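# Reading the structure
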Amino acid sequence: MNFKTSLAIQNLTLYKNKIKILDDISLELKEGNLISIIGPTGAGKTSLLRTILQFEKINDGSIRIFQKDMKKLKLNELAKNISFVHQSSFLPVGLLVNKYVLFGRNPHLGFFDTESKIDYKIVEQALKKVDSLQFIDRELTTLSGGEQRLIIIARAIAQQTPIMVLDEPAANLDFALSAKIMNILKNIAVKERKTVLIATHDVNNAIRFSDYMCLLKHGRIIKQGTPSEVMNNENIMDLYGASAQITKDIDGNTIVSTKYN
Amino acid sequence: MKLNSQIKIMTININFKSKFAITLIMCISLISIIFFSLTVGIAEIPVSIVARSIINVMPFIHFDLTISNNWEQIIFDIRLPRIIAAGIVGAGLSCAGVTYQGVFRNHLADPYLLGIASGAALAVTIANYFVPPNILFSFLWIQLFAFFGGLLVICSVYLMAFIIDNRNFSTIILTGIALSSLCTSLTFFLLMMQSTRGLSILSFLFGSFNTADWNVVIYTAPIIILGIIFLIFFGRTLNILQIGPEEAKTLGIKTHKMNMLLIFVASIITCSAVALAGIIGFVGLIIPHLCRLFFGNDYTKLLMFSGFIGAMFLILVDDSVRTIIAPREIPIGAMTALVGSPLFIYFLFIKSNGHDL
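Everything numeric in this text was worked out from a predicted model, so none of it was measured.

Analysis parameters
Residues numbered from 1 in each chain as written. Chains lettered and ligands numbered in written order. Predicted model: local features only at pLDDT ≥ 70, side-chain atom pairs only at ≥ 80, totals over all residues. Contact = placed C-beta atoms within 7 Å. Nonpolar A, V, L, I, M, F, W, Y, C, P; charged D, E, K, R; others polar. Helix = DSSP H or I, 4+ residues; strand = E, 2+ residues; numbered from the N terminus. Pairing = 2+ DSSP bridges. Axes fitted to C-alpha atoms, helices over the stretch in contact; angles between N-to-C directions. Buried ≥ 20, exposed ≤ 12 C-beta atoms within 10 Å, placed from the backbone.

To continue, consider the interface of chain B and chain A. Residue-level contacts link 22 residues of chain B with 21 residues of chain A. Its residues assigned to classes, the side of chain B that touches chain A shows six nonpolar, nine polar and seven charged.

Structure representation (structure tokens):
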């Protein structure tokens, strides 16, 4: 696989209130890959994503997007390169789904521009990709939690960025829908050669859909590699402090379950 | 799928047309309200006389219509500037209200919430001590004082909130309320002490347009109208700001800078309005909400239509203020609340489903 590196993080260190949150993180993300960051709560998953989105000031190290230093990018340039889906997005009352997804077009519009037919077309395509075209004229807040999550992902898709960052995109959803969301993201990564970076607690879906996994604990990467490389009893014990049982189902998918005596 | 997209494009066109139609209706009703308002007042001027005198001043049309000088003077030198003043203040306060609600992401915000108006009012009261009423540009001076007072208050609110709590929303509101009451009480003191000159307490603290003439309108109208146009261009930004500062940032919006800029422009509009007419409460809160009930929460639409509706509302209220107990006047701030509150509650009852406040 000769995919280009889209995002390169080098020796990243972050302090918040003099507490070390991220410690010497180096990570290379490639085009066409779905990368998951897993780790126990408080490991620094969200902080890592927030740092990539420049919500936090980096204390040490660098982040490069397509060889360009992130700090030198203007905010609008950044928005054309990275889209973001928050853990829990605030959704205004009375906003229509197509208007919300249209927000994703904002980085591509000049100050005096209005949204054109092409933008509306892109919105439709984005909604189609998440299988939610039927909601296009509905009010966002009248949809269920899972449906809303799909719409928020559609907004990020409409932004048409080479890199997508999602913080727990499938959390608090039923197991069918979380698998569906992961599958949508995997498809986007593979078919459109995008880099999709997610933080998740759902180890089984992460193993099944990711191309690359990154095990984060106490702000340090303890292991990174393909799912088959990193998923063994020893690493899971290291990461979560719980012993696990790794099996395969009839389709050959790896299943991790906790083991208690 | 092809059919679906065709339907989509059709609805967009209809939306565009209906937006245009609404704007047209608003323009026509605004003009007719202005025309109607020219006829009412202490002196009853017949509609035909008003129509004739308007035709008289139109360029390129020459009918030999003789109208008594007296009436022409009342129409063009007394009523028209006052009506225009009421209109732009109504539009300005409504649009400023919409903007504050958008920036603070809270539908209870209004132009007076952060003490801008109280600061401007205090500054105008102080200015009345120092600026002789009949010098050249005296109103310009008063307006400058109003800007200064209003912006001083908003800057100190922002600065204090920054020091206390790093711009937490409720801290901004709380410091704003504290400074607002401080300024209001100081204004009371000053007005009570100056018994001989200038403003009457009522006409200032409850608003009045009886000082509005062409001199005043010429300074205020451009500022408020340009401010509103400026804000309308930021409608899309305001819409996106609603989903939260961080996510707006990932969509390429400089959240903090935008908030500052929008608050600044809305404050300039509010200060101009206060310098012209004193403190007129309620308009900046009720008109945006009426528009939300009818046109939804899209900020471009909200800014445009609440501008129109605010103007019409305040012109009509000013008409009633001028006529009900003529030759005396009711303070307009009292009247806006008197007319506005029941009307507002009525609209809430008939159309409250699906909109939060």
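Having seen the model, we can carry on.
Quick look at the environment of B:Gly97 now. All names here are of chain B. Assignment of secondary structure puts Gly97 in helix H3 (residues 69–103). In this structure, the C-alpha to C-alpha distance between Gly97 and Phe36, residues 61 residues apart in sequence, is 27 Å. Not counting residues within four places of it along the chain, the set of residues in contact with Gly97 comprises Asp110, Pro111, Gly284, Leu285, Ile287 and Pro288.

All names here are of chain A. The six strands are arranged S6-S7-S8-S3-S9-S10 in an open sheet whose pairing can be described as mixed. If you trace the sheet from one side to the other, it starts and ends with strand S6 (82–85) and strand S10 (220–225), each paired once. The sheet shows a mean angle of 15° between the axes of neighbouring strands, taken without regard to direction. In terms of strand pairing, strand S7 (residues 163–167) meets strand S8 (residues 195–199) through five bridges, oriented parallel. Across the sheet, the residue bridging to Asp167 is Ala199, located in S8. Across the sheet, helix H1 (residues 45–52) is in contact with strand S3 (34–38), S7, S8 and strand S9 (212–217); its angle to S7 comes to roughly 145°.

Here we come to the environment of B:Gln143. Residue and element names in this part refer to chain B. Its place among the elements puts Gln143 in helix H5 (residues 138–165). Taking the C-beta count within 10 Å as the criterion, Gln143 has 24 such neighbours and is therefore assigned buried. Through-space distance from the C-alpha of Gln143 to that of Val124 is 7.6 Å; in sequence the pair is 19 residues apart. What Gln143 contacts, discounting residues up to four positions off in sequence, is Tyr219, Ser272 and Ala275.

Turning our attention to the sheet that holds strand S1 (residues 5–16) of chain A. Residue and element names in this part refer to chain A. Spatially, four strands are ordered S2-S1-S4-S5 in an open sheet, and the strand pairing comes out antiparallel. The strands lining the two open edges of the sheet, one partner per strand, are strand S2 (19–30) and strand S5 (68–69). In terms of strand pairing, strand S4 (residues 60–65) meets S5 through two bridges, oriented antiparallel. Note on S5: the bridge partner recorded for Arg64 is Asp69. Packing against the sheet, H1 makes contact with S1, S2 and S4, and its axis sits at approximately 65° to S2.

Function cannot be read off these values alone, since they describe shape.
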